[in-house]
Amino acid sequence: MTAIENAHDVTSAMRGLRQARQYRQDPVPDDVLAELLEVARWTGSSRNTQPWHFVVVRDREQLRRLSELRPPIGWVADAPLGIAIVLNGGSTASEAYDEGRVTERLLLAAHLLGLGGGIAWYGDSDQQAEAKRILGIPAERTARSVVVLGYPTTTRDPRPNPVAGGRRPLTEIVSYDRFDAPTP
Ligand SMILES: Cc1cc2nc3c(=O)[nH]c(=O)nc-3n(C[C@H](O)[C@H](O)[C@H](O)COP(=O)(O)O)c2cc1C
């Protein structure tokens with residue numbers, strides 16, 4: 001396998017990736033959506049079970065209803081597109097891992113294609129049940145989150161309780177050979 005030509009541009013774009021929760025009104029073009037769904041389809045999963053189904057949500061009323069599940073996802077109402085992740089409802093740990101993998105691939109691919117996006121988490125089990133009712137998802141499936149996408153206007157966090165950005169330094173989060181080894 002050869003390194004891709006602009007690999008450092010790609011890793012730099014990956015490092016710079018932030019959640020974007022506010023978007024222009026422009027729709028996400030169909031060809032861009034199709035590419036994102038292919039990226040999602042090719043995501044690896046535990047034992048290649050591919051335990052997912054994706055509900056593409058473009059209907060404004062549907063997005064508004066999801067946004068009302070809880071205040072920290074109120075910003076979903078003004079987004080042009082959501083891709084709701086539905087899992088088979090099997091092994092909780094591996095499906096949760098797979099959900100994280102496919103979510104991050106969608107967000108990264110979207111960023112590389114000039115879009116921005118964010119994760120909207122429905123909330124507790126009652127709120128998840130309500131999200132399933134809104135989207136017509138069978139009750140026995142798992143549905144926890146929707147990946148929300150659009151052309152971003154800002155990465156400012158508009159939530160009632162915004163979270164600080166930035167990241168902990170490598171010296172705090174990496175060790176070599178042993179967890180308790182001193183940083184070289
Ligand atoms: C499991 C999970 C649930 C999340 N739920 C929400 C959410 O409900 N609403 C929201 O605005 N962001 C949500 N986020 C996004 C986080 O707030 C975001 O990853 C974090 O603040 C870092 O953002 P940044 O990359 O812009 O710095 C969620 C992220 C994860 C991993």
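Computed from a predicted structure; not experimentally measured. (Residues numbered from 1 in each chain as written. Predicted model: local features only at pLDDT ≥ 70, side-chain atom pairs only at ≥ 80, totals over all residues. Heavy atoms only, no water.)

1. Concerning the side chain of S45
Here is step 1 of the chain: Structurally, the position occupied by S45 is in the loop between α2 (30-41) and β2 (52-57).
Here is step 2 of the chain: The exposure class assigned to S45 is buried, which follows from its relative accessible area of 11%.
Here is step 3 of the chain: Those residues within four positions of S45 in sequence are excluded, and the remaining contacts are Q50, P51, W52, D98 and R101. (Helix = DSSP H or I, 4+ residues; strand = E, 2+ residues; numbered from the N terminus. Buried < 20%, exposed > 50% of the residue type's maximum accessible area, 1.4 Å probe, protein only. Contact = heavy atoms within 4.5 Å.)

2. What to know about the packing of helix α3 (residues 60-67) against helix α5 (residues 125-135)
Here is step 1 of the chain: For the pair α3 and α5, the least separation of the axes is 10 Å and the interaxial angle reads 170°. Regarding the angle of α3 to α5, the classification is roughly antiparallel. When α3 is examined against α5, the residues Q62, R65 and L66 are found in contact with a partner set consisting of A131, I134 and L135.
Here is step 2 of the chain: Partitioned by chemical class, the residues of the contact of α3 with α5 number four nonpolar, one polar and one charged. (Axes fitted to C-alpha atoms, helices over the stretch in contact; angles between N-to-C directions. Parallel < 35°, antiparallel > 145°, perpendicular 65-115°, else oblique. Nonpolar A, V, L, I, M, F, W, Y, C, P; charged D, E, K, R; others polar.)

3. Comments concerning a nonpolar patch on the surface
Here is step 1 of the chain: A cluster of nonpolar side chains, L170, I173, V174 and Y176, forms an exposed patch at the surface whose accessible area comes to about 410 Å².
Here is step 2 of the chain: For I173, the location among the structural elements is in helix α6 (residues 170-173). (Patch = residues over 30% accessible without salt bridge, like charges linked within 9 Å, V, L, I, M, F, W, Y side chains within 5 Å. Areas by Shrake-Rupley, 256 points an atom, 1.4 Å probe, with all protein chains shown as cover. Salt bridge = Lys/Arg side-chain N within 4 Å of Asp/Glu carboxyl O.)

4. What to know about the pattern of salt bridges
Here is step 1 of the chain: What the rule picks out here adds up to eleven salt bridges.
Here is step 2 of the chain: Salt-bridge contacts for D30 lead to R58; the nearest nitrogen and oxygen are separated by 3.2 Å. Taken together, the residues span a long stretch of sequence, with D30 in helix α2 and R58 in the loop between β2 and α3 at a distance of 28 residues.
Here is step 3 of the chain: On the basis of relative accessibility, which here comes to 47%, the residue R58 falls in the partly exposed class.
Here is step 4 of the chain: Its salt-bridge partner being R133, residue E130 comes within 2.9 Å of it at the nearest N-O pair. You can see E130 and its partner R133 sitting in helix α5, three residues apart, about one turn around the helix.
Here is step 5 of the chain: On the basis of relative accessibility, which here comes to 29%, the residue E130 falls in the partly exposed class.
Here is step 6 of the chain: Each of R21, D157 and R159 takes part in one network of salt bridges that share partners.

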